[in-house]
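# Geometric and topological summary
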Amino acid sequence: MTEVLLISQQDIKSALDMEKTIEVLEKVYRAHGNNQVNMPSKITLDLGESNDWPLYGGSYNAMPAYIGEDLDVAGIKWVWGFEDNPKKGLPYIGGTILLNDPRTGEQLAIMDGSYITDIRTGASAGVAAKYLAKKGAQVVSIIGAGVVGRMSLIAISKVLDIKKAFVADIRSEASERFASEMSTLLGIDVIAANSNKEAVEDADVIVTATIANEALVMKDWLKEGSLVITLGSFQELDENIPLSTDKLIVDSWAQNSHRGELLKLVHAGKITETDVYAELPEIIVEKKVGRESDKEKICASIIGMGSTDIGVAGTLYKQLSKKLETKFNMR
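Counting of residues starts from 1 at the beginning of each chain's written sequence and follows it residue by residue. Totals for whole chains, interfaces and linings use all residues, but because this is a predicted model, local features are given only for residues with pLDDT of at least 70 and pairs of side-chain atoms are given and counted only at 80 or more. To get the side-chain values, all heavy atoms of the structure are used, and hydrogens and water are removed first.

So, on to the overall build of the protein. Each helix and strand counted, the protein has eleven helices and 16 strands in total. Whereas a compact globule of 331 residues would reach a radius of gyration of roughly 20 Å, the protein reaches 19 Å, a difference of no more than 12%. The classification of residues rests on relative accessible area computed with a 1.4 Å probe and restricted to protein chains. Under 20% of the type maximum is buried, over 50% is exposed, and intermediate values are partly exposed. Counting the 331 residues in the protein, one finds 54% classified as buried. At a minimum sequence separation of 6, the contacts of the protein that also span at least 24 residues come to 68%. A total accessible area of about 15000 Å² is found for the protein, and carbon and sulfur atoms account for 48% of it. Charge-centre separation for the protein: the mean point of 36 positive side chains lies 3 Å from the mean point of 47 negative side chains. Only runs of H or I of at least four residues qualify as helices and only runs of E of at least two qualify as strands under DSSP, and these elements are numbered from the N terminus. With C-alpha atoms as the basis for the radius of gyration, the globule rule is written as 2.2 Å multiplied by the number of residues raised to the power 0.38. Residues are treated as being in contact if the distance between any of their heavy atoms lies within 4.5 Å. Accessibility throughout is a Shrake-Rupley quantity obtained with a 1.4 Å probe, and a residue counts as covered only by protein chains that appear here. In this charge count, Lys and Arg are treated as positive and Asp and Glu as negative; neither His nor the chain ends contribute. Every charge is mapped onto a representative atom, which is NZ of Lys, CZ of Arg, CG of Asp or CD of Glu.

Written as structure tokens, this is what we have:
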């Protein structure tokens, strides 16, 4: 008989900050780089593209993983995203995480996955910026004034000495609110741009964090030495950026060939695995060199890996299991 811990979003928010999340993600990426992760490609249940039944405009992903080394945890995230949810007063993305003991298979915890998804996605942008941004990068551009855009700017501010940031969003009121709130939170000048181009053209690091499926950033807007990090589930960049960048880097080729920024190019035969310079874990464990000059333009497609969710969840479980009392028994 196993005691299963129920961990709420409130519990997670009280115990998890961005510094801790970045630390855990680096551990997970190192485990990947050292071949200590078993992570099947995510499975998608799509309820938004078939004409055989009502279109609900959303999809689910099942994301299982085991991470070895000092994390030693197994689990699965069941995450969903529905386009019309904001109109219903619901978050676009939600999720649940199940943790299991890798030695016995017994269930350890059922926990909210929504906040972990948001903060680990932002943290992944921070890790990418830490290893791939040019030395002395000071200006950041965020395309998409939502939760992930906020998390991304917070994460990047933890790893780079940011002096200024720009934000652009299809909703001007959202970008203005973002600029006001993030300026206060981070103590830097955050400017609501009038256009994506205005937001991007002076930036050292550009992050796209939207639900778009169109080019939001054009190749001609990028200055020398820029790093572009795309986090969305669909296309967000001019295809000429990943096709002509000095280095194309992904978190996982298996994931990127399944969904996200590169999918259309993969289906069109324009990008194959041989076009990818490296996976981010290879750079972190120094199997590959990251940035080699301040002139390189680098594109990082970070589609998100279930291993990062399970790594963060497992770390929280170990931290919270001695404190929380909300438990129930499973036979």
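A word on the pattern of salt bridges. Each reported salt bridge corresponds to a side-chain nitrogen of Lys or Arg within 4 Å of a carboxyl oxygen of Asp or Glu. Summed over all chains, the structure comprises 17 salt bridges. Between Glu 26 and Lys 130 there is a salt bridge, and its shortest N-O distance comes to 2.9 Å. Within this pair, whereas Glu 26 is found in helix 2 (residues 18–33), its partner Lys 130 is found in helix 3 (residues 114–132), the two being separated by 104 residues in sequence. Using a relative accessible area of 7% as the deciding quantity, one classes Glu 26 as buried.

What follows concerns helix 4 (residues 147–159). A helix is expected to span 1.5 Å for every residue after the first. With 13 residues, helix 4 extends 19 Å from end C-alpha to end C-alpha; this agrees with the ideal 18 Å at 1.5 Å per step. Those residues of helix 4 lying buried are Val 148, Gly 149, Arg 150, Met 151, Ser 152, Leu 153, Ile 154, Ala 155 and Ile 156.

Moving on, we come to the environment of Ala 212. Residue placement: Ala 212 occurs in the loop between strand 11 (205–208) and strand 12 (227–230). Ala 212 sits 202 residues away from Gln 10 along the chain, and the two C-alpha atoms are 29 Å apart. Ignoring anything within four residues of it in the chain, the contact list for Ala 212 reads Phe 234 and Gln 235.

A few words now on unusual backbone geometry. Positive phi outside glycine occurs at Asp 72, with the angle close to 45°. By the element assignment, Asp 72 lies in the loop between strand 4 (58–67) and strand 5 (73–82). Relative accessible area serves as the criterion here: at 34%, Asp 72 is assigned to the partly exposed category. The backbone phi angle of Glu 286 is positive, close to 65°, even though this residue is not glycine. Its place among the elements puts Glu 286 in the loop between helix 10 (280–284) and strand 15 (298–301). What makes Glu 286 exposed here is its relative accessible area of 71%.

So, on to the confidence of the model for the protein. Mean pLDDT over the protein works out to 93, with 95% of the residues at or above the 70 mark. The pLDDT value tells you how sure the predictor is about a given residue, anywhere from 0 up to 100. Of the regions scoring below 50 in pLDDT, residues 326–331 engages in 20 contacts with residues more than four places distant in sequence or in other chains.

Locating Arg 120 in the fold gives a position in helix 3. By the criterion applied in these results, polar contacts are pairs of N or O atoms within 3.5 Å in which, for protein atoms, one can donate a hydrogen and the other can accept it, and in which residues neighboring in sequence qualify only through two side-chain atoms. Only 2.9 Å separates the side chain of Arg 120 from the side chain of Asp 309, close enough to count as a polar contact. When near neighbours in sequence (up to four residues on either side) are disregarded, Arg 120 contacts Thr 21, Leu 25, Met 63, Lys 77, Gly 304, Met 305, Thr 308, Asp 309 and Val 312.

Relative to the 22 Å expected for 16 residues at 1.5 Å per residue, helix 2 spans 22 Å between its end C-alpha atoms, a close match to the ideal helical length. Of the residues flanking the end of helix 2, it is Asn 35, one or two places downstream, whose phi is positive at about 60°.

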